[in-house]
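Single-letter residue listing:
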Amino acid sequence: MKILYTNFHTSPGIGGHTSYITRLIAGLNPDHDIAVAVPAQSALFRIASAIGEVRVYAQDYPSKLQQLPAAATHLCGILRKGQYDVVHVNGTADHRLVMLAMLGLRRKPAIVFTKHNDHPTDSVGSQLRARFGTDHCIAVCDFVADRLAGGPYDRAGVTTIHNGINTDYFSARNGGDTRSMRQSILGLADDSRILLGSNAGTTEYKGWIDMVRALAQLDPRRIDRLHIAIAGPRAPQKLLDEVQQLGMTRHISFVGDLDDVRSFIGAIDVGFVLSYRVETISFACREMMAMGKPVIVTRQGGLPENIDAETDGWVIPPRDPQALAALLEHIVQGHYDLRDMGRAARSKSEQRFGQAKFISATENVYRKALQRHARPQAAAIS
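Residues numbered from 1 in each chain as written. Predicted model: local features only at pLDDT ≥ 70, side-chain atom pairs only at ≥ 80, totals over all residues. Heavy atoms only, no water.

Colleague: Describe in detail the layout of surface pockets, supporting the description with residues and values.
Modeller: Roughly 620 Å³ of volume is contained in the second largest pocket. Of the residues in the lining of the second largest pocket, the class split is nine nonpolar, seven polar and nine charged. (1 Å grid on protein atoms, 1.4 Å probe; cavity = no way out; pocket = protein on both sides within 12 Å on 5 of 7 lines; lining within 4 Å. Points joined across faces, edges and corners; volume = space filled by probe spheres on them. Nonpolar A, V, L, I, M, F, W, Y, C, P; charged D, E, K, R; others polar.)

Colleague: For the side chain of Asp135, give the residues involved together with the corresponding values.
Modeller: Tracing the backbone through its elements, the reader meets Asp135 in the loop between α5 (124-132) and β6 (136-139). Within the buried set, Asp135 has no salt-bridge partner at all; the shortest N-O distance to an opposite charge, 4.6 Å, is to Arg372. Of the polar contacts made by the side chain of Asp135, one reaches the side chain of His373; its length is 3.3 Å. Beyond its immediate sequence surroundings of up to four residues, Asp135 is in contact with Pro109, Ala110, Ile111, Ala156, Ala369, Arg372 and His373. (Helix = DSSP H or I, 4+ residues; strand = E, 2+ residues; numbered from the N terminus. Buried < 20%, exposed > 50% of the residue type's maximum accessible area, 1.4 Å probe, protein only. Lys, Arg positive; Asp, Glu negative; His and termini not counted. Salt bridge = Lys/Arg side-chain N within 4 Å of Asp/Glu carboxyl O. Polar contact = N/O pair within 3.5 Å; in protein donor to acceptor, adjacent residues only side chain to side chain. Contact = heavy atoms within 4.5 Å.)

Colleague: Explain the sheet that holds strand β12 (residues 295-298) to me, and be specific about the residues and the numbers.
Modeller: Here we have six strands laid out as an open sheet, ordered β10-β9-β8-β11-β12-β13, and parallel in their pairing. Of all the strands in the sheet, just β10 (252-256) and β13 (313-316) have a single pairing partner and so form its edges. On average, adjacent strands in this sheet sit at an angle of 25 degrees to one another, irrespective of strand direction. By the bridge criterion, three bridges tie strand β11 (residues 270-273) to β12 in an arrangement that is parallel. The residue bridging Gly271 from the neighbouring strand is Val295, located in β12. Seen against the sheet, helix α8 (residues 208-216) touches β8 (194-198), β9 (226-231), β10, β11 and β12 and runs at an angle of roughly 170 degrees to β9. (Pairing = 2+ DSSP bridges. Axes fitted to C-alpha atoms, helices over the stretch in contact; angles between N-to-C directions.)

Colleague: Requested: an account of the nonpolar core, with residues and values cited.
Modeller: Residues Tyr5, Leu75, Leu79 and Tyr366 are the most contacted members of the largest nonpolar core, which totals 85 residues. Broken down by element, the residue count for this core peaks at seven residues, all from helix α3 (residues 68-82). With near-sequence residues (within four places) excluded, Leu79 lies in contact with Leu4, Tyr84, Val87, Ala101, Met102 and Leu105. Counting 34 residues, the second largest nonpolar core, distinct from the first, contains Ile223, Met248, Trp314 and Met341. (Core = buried A, V, L, I, M, F, W, Y, C linked by side-chain atoms within 4.5 Å.)

Colleague: Go over a nonpolar patch on the surface with me, naming the residues and quoting the values.
Modeller: A cluster of nonpolar side chains, contributed by Val124, Leu128 and Phe132, occupies part of the molecular surface with about 330 Å² of accessible area. For Leu128, the position within the fold is in helix α5. Classification of Leu128 as partly exposed rests on a relative accessible area of 43%. (Patch = residues over 30% accessible without salt bridge, like charges linked within 9 Å, V, L, I, M, F, W, Y side chains within 5 Å. Areas by Shrake-Rupley, 256 points an atom, 1.4 Å probe, with all protein chains shown as cover.)

Colleague: Go over the pattern of salt bridges, please, and point to the residues and values.
Modeller: Evaluation of the coordinates by the stated rule reveals 20 salt bridges. One salt bridge connects Arg23 with Glu287, and the closest N-O pair in it is separated by 2.6 Å. Here the residue Arg23 occupies a position in helix α1 (residues 16-28), and Glu287 occupies one in helix α12 (residues 283-290), the gap between them amounting to 264 residues. Of the two residues, Arg23 and Glu287, both sit in the buried class. Note that Glu363 and Arg367 form a salt bridge whose closest N and O atoms lie 3.5 Å from each other. Taken together, the residues span about one helical turn, with Glu363 and Arg367 both in helix α15 (residues 355-381) at a distance of four residues. Given a relative accessible area of 40%, Arg367 falls into the partly exposed group. Salt bridges sharing partners connect three or more residues here, namely Asp210, Arg213 and Glu242.

Colleague: How would you summarise the pairing of strand β3 (residues 55-58) if you had to cite specific residues and measurements?
Modeller: The sheet contact formed by strand β2 (residues 33-38) and β3 spans four bridges and is parallel. Residue pairing across strands places Ala37 opposite Tyr57, the latter belonging to β3. In this fold, the crossover linking β2 to β3 by way of helix α2 (residues 43-49) has right-handed handedness. (Right-handed = clockwise from strand over helix to strand, strands pointing away.)

Colleague: Please provide a residue-by-residue account of the packing of α8 against helix α13 (residues 321-332), values included.
Modeller: Look at α8 against α13: their axes get within 8 Å of each other, and the N-to-C directions meet at 60 degrees. The two elements α8 and α13 cross, and the hand of that crossing is right-handed. Along its contact with α8, which presents Asp210, Met211, Arg213, Ala214 and Leu215, the element α13 presents Pro321, Leu324, Ala325 and Leu328. In terms of residue class, the contact of α8 with α13 is built from seven nonpolar, no polar and two charged. (Left-handed = near helix turned anticlockwise from the far one by under 90°.)

In structure tokens, the structure reads:
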């Protein structure tokens, strides 16, 4: 198949969409003809450009109405040149522009849409995209599939494919120099503090500030037993100001945006993803579990689908620093065997989070979409 991936994100940092598409490219590139059309400043443009035999096109997905015609014309040229069988869209902005660009094509590819978030689908725009611009829809977790049920995408068909990761790549044996990373965070001394870490990002809705708020509630002796580490771009200033106001600056470290998060994950003792909106299944959570770390998640979106509570992690209410503080108290007191929980997390990841099933299931959706797409074309010819 000839497959084109589109994505509207412009960030140079590696987010969930970038991870999702990158892993599909890596899995499908040996057997298919792959191309991507993404903003030139994005992480996906940079990463895809380094992959052999993948064609990469700079393509913007503007939100302003007056900019849409030029962007659609440019994308139409990419589609016409590539003669793709499938275009895999990943958000409203690129989905909309692909539909506009295809108005100028005689030979139209099938469109597969992945629903990555928990946004409602009852808007007029969603109904139009589902009716006229979707041959099949992928839900990345059961939570998203439940949100789609009974909605406009039912007509195209919805398949649930949980995000997969490379559990060999994300493993303790491939963690790199975790000791140096840990020392860079905690200092050169032999430090026995419990390192609480997240590579889920620094945007406000990721909820990492609730970990700081929770830690601030503990007895000072407990606080000194714990340390927080965050990987990702610079956090919003108002949250950094709150860290300072809480007197927690020396208890948290920001390690920056990492292309390879494995040494960071290897350095932590407990992971966390504390999102309170938007979140679905979370690559970050699965990466931490694959590297043998128990993870604290909120009861938000598809996050609980990753965790067997108190076996390989914990599930707490979103935006509840009090509940989180109580859990931290139990962790510090040694109520949980963190190593044993980490081994359980790794075992689950090997059994359920593997990349091979993710790749093959997505490939099957492409074939299903092509079959559906071919029927109305055949009817039109006859």
